[in-house]
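# Inside the fold
These are the residues of each chain, in order.
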Amino acid sequence: MLPVPTVPLLCPVCRSPLGAAGVAARTLVCPAGHSFDAARQGYFNFLVGKGTVFEADAADMVAARFDFLSAGHYRPLAEAVAEVAAPALAGAFTGSGARVLDAGTGTGHYLRTLLDRFPAAAVGLDISKFALRRAARMNPEAVNLVGDVWQPLPLADGAVDVVTVVFAPRNAAEFARILRPGGRLVVVTPRPGHLAEVSGQTGMLGIEPAKEERLAAALEGHFSPLAARNLDLDLSLGPADVANLALMGPAGHHLDRAALASLAAGLPPLTAVSARFRISVFEPLRHAAA
Ligand SMILES: C[S@@+](CC[C@H](N)C(=O)[O-])C[C@H]1O[C@@H](n2cnc3c(N)ncnc32)[C@H](O)[C@@H]1O
Ligand SMILES: [Zn+2]
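Thresholds applied
- Residues numbered from 1 in each chain as written.
- Chains lettered and ligands numbered in written order.
- Predicted model: local features only at pLDDT ≥ 70, side-chain atom pairs only at ≥ 80, totals over all residues.
- Heavy atoms only, no water.
- Donors = N, O, S within 2.8 Å, 3.2 Å for Na, K, Ca; no water.
- Tetrahedral: all angles 85-135°; square planar, octahedral: opposite > 155°, others 65-115°.
- Buried < 20%, exposed > 50% of the residue type's maximum accessible area, 1.4 Å probe, protein only.
- Core = buried A, V, L, I, M, F, W, Y, C linked by side-chain atoms within 4.5 Å.
- Contact = heavy atoms within 4.5 Å.
- Helix = DSSP H or I, 4+ residues; strand = E, 2+ residues; numbered from the N terminus.
- Pairing = 2+ DSSP bridges.
- Axes fitted to C-alpha atoms, helices over the stretch in contact; angles between N-to-C directions.
- Phe/Tyr/Trp six-rings, centres within 6.5 Å; stacked < 30°, edge-to-face > 60°.
- Lys NZ or Arg CZ within 6 Å of the ring centre and 35° of its normal.

The next point concerns the coordination of the zinc ion (ligand 2). Each protein donor to the zinc ion (ligand 2) is listed here as Cys11 (SG), Cys14 (SG), Cys30 (SG) and His34 (ND1); together their distances run 2.1 to 2.3 Å. Its four donor atoms give the zinc ion (ligand 2) angles of 103 to 116° at the centre, a pattern that matches the tetrahedral case. Ordering the donors of the zinc ion (ligand 2) by residue number gives the pattern C-x2-C-x15-C-x3-H. A relative accessible area of 0% places Cys11 in the buried class. When its relative accessible area of 29% is taken as the criterion, Cys14 is described as partly exposed.

This part covers the nonpolar core. Formed by 49 residues in total, the largest nonpolar core has its most connected members in Tyr74, Leu77 and Leu245. Not counting residues up to four positions away in its chain, the partners in contact with Tyr74 are Phe68, Leu69, Tyr110, His194, Leu195, Leu233, Leu235, Leu245, Met248, Ala275 and Phe277. Core analysis: the second largest hydrophobic core is formed by 38 residues, Val143, Leu145, Val165 and Leu219 among them.

Turning our attention to unusual backbone geometry. Negative phi is the rule for most residues except glycine; trans is the rule for most peptide bonds. The backbone phi angle of Phe167 is positive, close to 50°, even though this residue is not glycine. On the secondary structure map, Phe167 appears in the loop between β8 (160–166) and α5 (172–178). Phi is positive for Leu195, close to 60°, though the residue is something other than glycine. Among the secondary structure elements, Leu195 is positioned in the loop between β9 (179–190) and α6 (196–202). For Leu195, a relative accessible area of 8% corresponds to the buried category.

Further remarks concern the sheet that holds strand β1 (residues 19–21). Reading across from one edge, β1-β2-β3 is the order of the three strands in this open sheet, with antiparallel pairing throughout. In this open sheet, the two strands that pair with only one neighbour each are β1 and β3 (35–37). Each strand of the sheet is rotated relative to its neighbour by a mean of 30°, with strand direction disregarded. One ladder, built from three bridges, connects β1 with strand β2 (residues 27–29); its direction is antiparallel.

This part is about the packing of aromatic side chains. Going through the model one piece at a time under the given rule, you end up with four aromatic pairs. An aromatic cluster is defined as three or more aromatic residues linked by ring pairs; in this entry it consists of Phe68, Tyr74, Phe167 and Phe277. Across the ring face of Phe66, the terminal group of Arg134 is positioned such that the distance to the ring centre comes to 4.6 Å.

Attention shifts here to the sheet that holds strand β10 (residues 223–237). Strand order across the open sheet formed by eight strands is β4-β7-β6-β5-β8-β9-β11-β10, with mixed pairing between neighbours. What marks the edges here is a single partner per strand, and that holds for β4 (44–45) and β10. Pairing geometry for β10 and strand β11 (residues 271–284), over 14 bridges, is antiparallel. Its bridge partner being in β11, Asp234 is matched across the sheet by Ser274.

Tracing the backbone through its elements, the reader meets Gly108 in the loop between β5 (99–103) and α3 (109–117). Here Gly108 falls in the buried class, since its relative accessible area comes to 0%. Separated by 87 residues in sequence, Gly108 and Ala21 have C-alpha atoms that sit 25 Å apart.

Structure, rendered in structure tokens:
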């Protein structure tokens, strides 16, 4: 039985409200008759039309992220994100409880930690169906959608109290539209020096400088910054963890798998790696009604 969506969803074809139908709520249908059946694993594919040109994370990249996150290395980050999101979820005034969108949810680990602390109605969105297969299993109580964050989001105006975005793309205008007034956008980005010890040798992409300034600039006009905090983790990683770390990032699209495997085989039993994160919180700006 899939959860009946309690976050107001919109049809990705015609933007009318979507409701659950069919046996065990495995179909979402709009009044115009557009319908979306759940995949076997329980997620819905909302990719319609041409969409953005993109390179979705491949199955082995998603598997690497799943293994790395399941080992708990980034657990303190997940806890911190849940903690930062908590006040806005607690202050939900939607009448039907707190609601959250995890954009670029990946394997769903961050949303899982948040829901364990705060049982909210949740949507997990990601463009990779390989990721969504995992996320749907990880968060069966959430509505898990394959969709493109650069397209109009399939959620109603003011539908959620919190949007979380952990290392994933940010569509400022759409996030602002779907957040309720007083809601919160929680964004996690890497800081300079993130994974510096291994990024050179494994061919991972280095962090681009001025990322933080670019984040604020990209959200300008839609959000005002409220608070931010840094989180540093000193990790001690075995060879398999280092290989997973390399593969799960954006460089995973281009990495030579065989070269990575032989590099991992030559690593010491443990490698010291520092993870440097920034957790930024934004509030949507109020615009005069259009
Ligand atoms: C680095 S991963 C982070 C995943 C997850 N938040 C985490 O931290 O484990 C980036 C995620 O963004 C997703 N993504 C990339 N472009 C996207 C888009 N246009 N729309 C939705 N998701 C996208 C990828 O499929 C991937 O799962
Ligand atoms: Zn429709």
